[in-house]
Amino acid sequence: MSRWPIATLTLGLLLLLDALRVFLPSLITLYGRAGDTPPEQLGLFAALWFVIPFTAIVIARFLGPRAVLIGGAAVLAATRIALQATDGGDPQLYLASAGVCAGLFFLYGCARTLPRTAAPIGITLGLALSGLLHLTIDHMDLIWQDGLFPWFPTVLVSAGFLWSTLKTRPDEFVAPTAAWFLLGPALFLTGQYLGPGAAGTDTWSTGATELAAAASVAALGVASLSLIPFAIAPLLANAPVRVYRVLFPAGLLIGIFSPVAGVAQATLLAAGLGGCLGLATLSPGRRRPGAALLGGALLFLVATFAFYASYDADLGFPNTVVPMVVGVLVALTGVGRGLGRDLIPTPRIGLPSLLSGTLAALLLPPLLVAGLTWRTIPATQNVDGGEFTLVAYNIRMGYGLTGTLDLDRIAAWAASVRPDVVLLSEVDRGWLLNGGHDDLDRIAHGLGLRYYFAPAADRLWGDALLTNLPVREVVSHRLGKHDYPTGAQAQTAALTVGGREIGIVNTHLQAPAGQAPEVAALAKSLAATRPVILAGDLNLTKDDPEMRVLTAAGLTDPLIARGDPPTSPAENPVKRIDHVLLTPGLEVVEASVPRVPFSDHLPVVVRLRLS
């Protein structure tokens, strides 16, 4: 089989995933305006770009599927290069939308023209390499990186993609409907389980975690690459297909239904998913593979929105049901019926050659990536005297006012105020909806600080404490939901400043009426033996009755006497809902609310003194 079809599909998926990682967060931050746009309108806008590609069915009747393939490829490459030149705003939103739409046109053309074996190999290569490259660049997409360097790989991949597309010739024996349908579910499952959250660590403070973190990165790379050999395995001439029909779907389902998250789960899921893609390629059905591909893409969109909508509305079922349903669908498709090994002539490969080649391909690239992304834990630093600087900032998953991912800019700005303690809210560590980035690791690395993550909505979204001060007793307390769907927590910690201990309560209240008394009780308990700081996005103003609950617990608001500077919304702040509250024993030396555009909130910066 020619290498060009596989190269075309692989490179096309790399570009499409780039566009998708911009499209999804842009829906929320730009079109959705962080919740201001009605969800029905947001959903219709998103669906539009997945429905328009269905016109490819009609276009192909008049111009042929190859024209759809080449036209979609040309627009996808052009929008990807144009995205590199944008700096957020509507150009970013609409170019990313057009890129996703063009990518689906391109994939429709692939489903109608590429040879059967190109589908599972190209799909898994594209998904696996995208994940591995995302690890290599530290989850910071080239689109979000400044300077000339990102342009070189962007233009090179785009040019290679167009060249391979032009060299690809239509094949009579295309992949079956089932194989192309599974691309959408595969996008969803890899986004959910093979993102940075699978290798993330909640605490970055002890030397032992350096090696463990590098091992997790390497293991996640192995998990991503596992898609490829398991997709190829059913296609080999000596493959025990009947065994695979049981083994691969079972592995996929065990990975999805496993209560333990992490790289082991990710590896099992990837192996099962790749195997099901390979098994689906053996299906004899070849009716409307292009329509099946577009239907699977719509399923990806519906599953993604159903999963994350549960954090803003009560859907009547837990969102964990969504990947389970998708996984069962993939497993049933993999089991299939009418599978036949004789459909695909493939060479026999000796077991020693097969094992050695597979192990080398699976292990060497991830080990290289683990070395390139090695993290060294900063040393503990004591503060002489009783003064220290604290920053409290709701970073909105790292997306600034123009919709760009500003993690490096946040780190650079925060470093300029030389903080001893940084408290972050709305920290995302790998949500597919936000592009699959580890905000905390990137910001902490830029600041040179240790971190302590506190999951809130789920294990990948919450709050964080960053500091190199001596820390002990870090605990995350789950707060009651009080009929609000987004989860919340209060992170308590004891820090040493100038030989004395202070308490920290770091939180982001979602339902202040019910949660304010809970954090007030935590602060009061912590203040029994030390002065305490309660800080974060409280979703309260100084005049709200819930604020009186906090003041009754002995907390005071020192910024009222300093002009009560507003923090929200960042582009035109009119109210202060982000706070730094103190108990006796602490006083403010300086305080400010800098006008920086890296979130829809403004940060609060205070210089504190132990009194």
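Summary of the structure given here.

### Looking at the overall build of the protein chain
Inference 1: Regarding its fold elements, the protein chain presents 20 helices and 12 strands.
Inference 2: In summary, the protein chain has a C-alpha radius of gyration of 26 Å against a globular reference of 25 Å for 611 residues, a match within 12%.
Inference 3: Along the longest, intermediate and shortest principal axes, the C-alpha atoms of the protein chain span 80 × 50 × 50 Å.
Inference 4: For the protein chain, the residues scored as buried account for 58% of the 611 residues in total.
Inference 5: Within the structure as shown, the protein chain displays about 23,300 Å² of accessible surface, and the carbon and sulfur contribution to it stands at 63%.
Inference 6: Separation of charge centres in the protein chain, based on 40 positive and 42 negative side chains, amounts to 12 Å.

### Focus on the environment of alanine 78
Inference 1: Note that alanine 78 resides in helix 4 (residues 65-85).
Inference 2: The partly exposed category is assigned to alanine 78, whose relative accessible area is 45%.
Inference 3: Alanine 78 sits 24 residues away from phenylalanine 54 along the chain, and the two C-alpha atoms are 21 Å apart.

### Observations concerning the nonpolar core
Inference 1: Counting 135 residues, the largest nonpolar core has Phe23 and Leu466 as the members making the most contacts within it.
Inference 2: If we ignore the near neighbours within four places in the chain, the residues touching phenylalanine 23 are Ala46, Trp49, Phe50, Ala96, Ser97 and Val100.

### Quick word on the pattern of salt bridges
Inference 1: Tallying each qualifying case throughout the model produces 20 salt bridges.
Inference 2: One salt bridge connects arginine 607 with aspartate 420, and the closest N-O pair in it is separated by 3.8 Å. Residue arginine 607 is found in strand 12 (residues 604-610), and its partner aspartate 420 is found in the loop between helix 17 (407-416) and strand 3 (421-428); the two are separated by 187 residues along the sequence.
Inference 3: Here arginine 429 makes a salt bridge to aspartate 438, at a shortest N to O gap of 3.0 Å.
Inference 4: Several salt bridges share partner residues, and in doing so they unite Asp138, Arg375, Asp408, Asp441 and Arg442 into one network.

### A closer look at the packing of helix 4 against helix 5 (residues 89-113)
Inference 1: Running from amino to carboxyl end, helix 4 crosses helix 5 at an angle of 150°, the nearest separation of the two axes being 7 Å. Comparing their axes, helix 5 and helix 4 come out roughly antiparallel. Relative to helix 5, the crossing made by helix 4 is left-handed.
Inference 2: Here the contact of helix 4 with helix 5 is built from residues that sort into 16 nonpolar, 7 polar and 2 charged.

### So, the side chain of glutamine 491
Inference 1: Along the chain, the position of glutamine 491 falls in strand 7 (residues 489-497).
Inference 2: Taking the relative accessible area as the measure of exposure, glutamine 491 reaches 2% and is therefore buried.
Inference 3: Engagement of the side chain of glutamine 491 in a polar contact is seen with the backbone oxygen of tyrosine 452, the distance being 2.9 Å.
Inference 4: Here glutamine 491 is in contact with Tyr452, Phe453, Ala454, Ala464, Leu465, Val474, Val475, Ser476, Ile504, Val505 and Asn506, once residues within four sequence places are set aside.

### Considerations on the packing of aromatic side chains
Inference 1: Per the stated rule, a full pass over the model turns up 16 aromatic pairs.
Inference 2: Ring centres of phenylalanine 23 and phenylalanine 50 lie 6.2 Å apart, and the angle between their planes is 45°; on these two criteria the pair is classed as tilted. Of the two residues, phenylalanine 23 is situated in helix 1 (residues 3-31) and phenylalanine 50 in helix 2 (residues 39-51); the sequence distance between them amounts to 27 residues.
Inference 3: Taking the relative accessible area as the measure of exposure, phenylalanine 23 reaches 0% and is therefore buried.
Inference 4: With a relative accessible area of 3%, phenylalanine 50 lands in the buried category.
Inference 5: An aromatic cluster is defined as three or more aromatic residues linked by ring pairs; in this entry it consists of Phe307, Tyr308, Tyr311, Trp431 and Trp461.
Inference 6: Over the face of the ring belonging to phenylalanine 453 we find arginine 429, whose NZ or CZ atom lies 5.1 Å from the ring centre.

### Describing unusual backbone geometry
Inference 1: The step from serine 568 to proline 569 runs through a cis peptide bond, and the omega angle for that step is -10°.
Inference 2: Within the secondary structure, proline 569 sits in the loop between helix 20 (545-552) and strand 10 (578-582).
Inference 3: Unusually for a residue other than glycine, aspartate 138 sits at a positive phi of about 65°.
Inference 4: Examined against the element boundaries, aspartate 138 turns out to sit in the loop between helix 6 (118-136) and helix 7 (151-167).
Inference 5: When its relative accessible area of 14% is taken as the criterion, aspartate 138 is described as buried.
Inference 6: A positive phi angle, close to 65°, is found at aspartate 483, a residue other than glycine.
Inference 7: Relative to the helices and strands, aspartate 483 is located in the loop between strand 6 (471-478) and strand 7.
Inference 8: Accessibility expressed as a relative area gives 83% for aspartate 483, which makes it exposed.

Analysis parameters
Residues numbered from 1 in each chain as written. Predicted model: local features only at pLDDT ≥ 70, side-chain atom pairs only at ≥ 80, totals over all residues. Heavy atoms only, no water. Helix = DSSP H or I, 4+ residues; strand = E, 2+ residues; numbered from the N terminus. Rg over C-alpha atoms; globule rule 2.2 N^0.38 Å. Buried < 20%, exposed > 50% of the residue type's maximum accessible area, 1.4 Å probe, protein only. Areas by Shrake-Rupley, 256 points an atom, 1.4 Å probe, with all protein chains shown as cover. Lys, Arg positive; Asp, Glu negative; His and termini not counted. Charge placed at Lys NZ, Arg CZ, Asp CG, Glu CD. Core = buried A, V, L, I, M, F, W, Y, C linked by side-chain atoms within 4.5 Å. Contact = heavy atoms within 4.5 Å. Salt bridge = Lys/Arg side-chain N within 4 Å of Asp/Glu carboxyl O. Axes fitted to C-alpha atoms, helices over the stretch in contact; angles between N-to-C directions. Parallel < 35°, antiparallel > 145°, perpendicular 65-115°, else oblique. Left-handed = near helix turned anticlockwise from the far one by under 90°. Nonpolar A, V, L, I, M, F, W, Y, C, P; charged D, E, K, R; others polar. Polar contact = N/O pair within 3.5 Å; in protein donor to acceptor, adjacent residues only side chain to side chain. Phe/Tyr/Trp six-rings, centres within 6.5 Å; stacked < 30°, edge-to-face > 60°. Lys NZ or Arg CZ within 6 Å of the ring centre and 35° of its normal.

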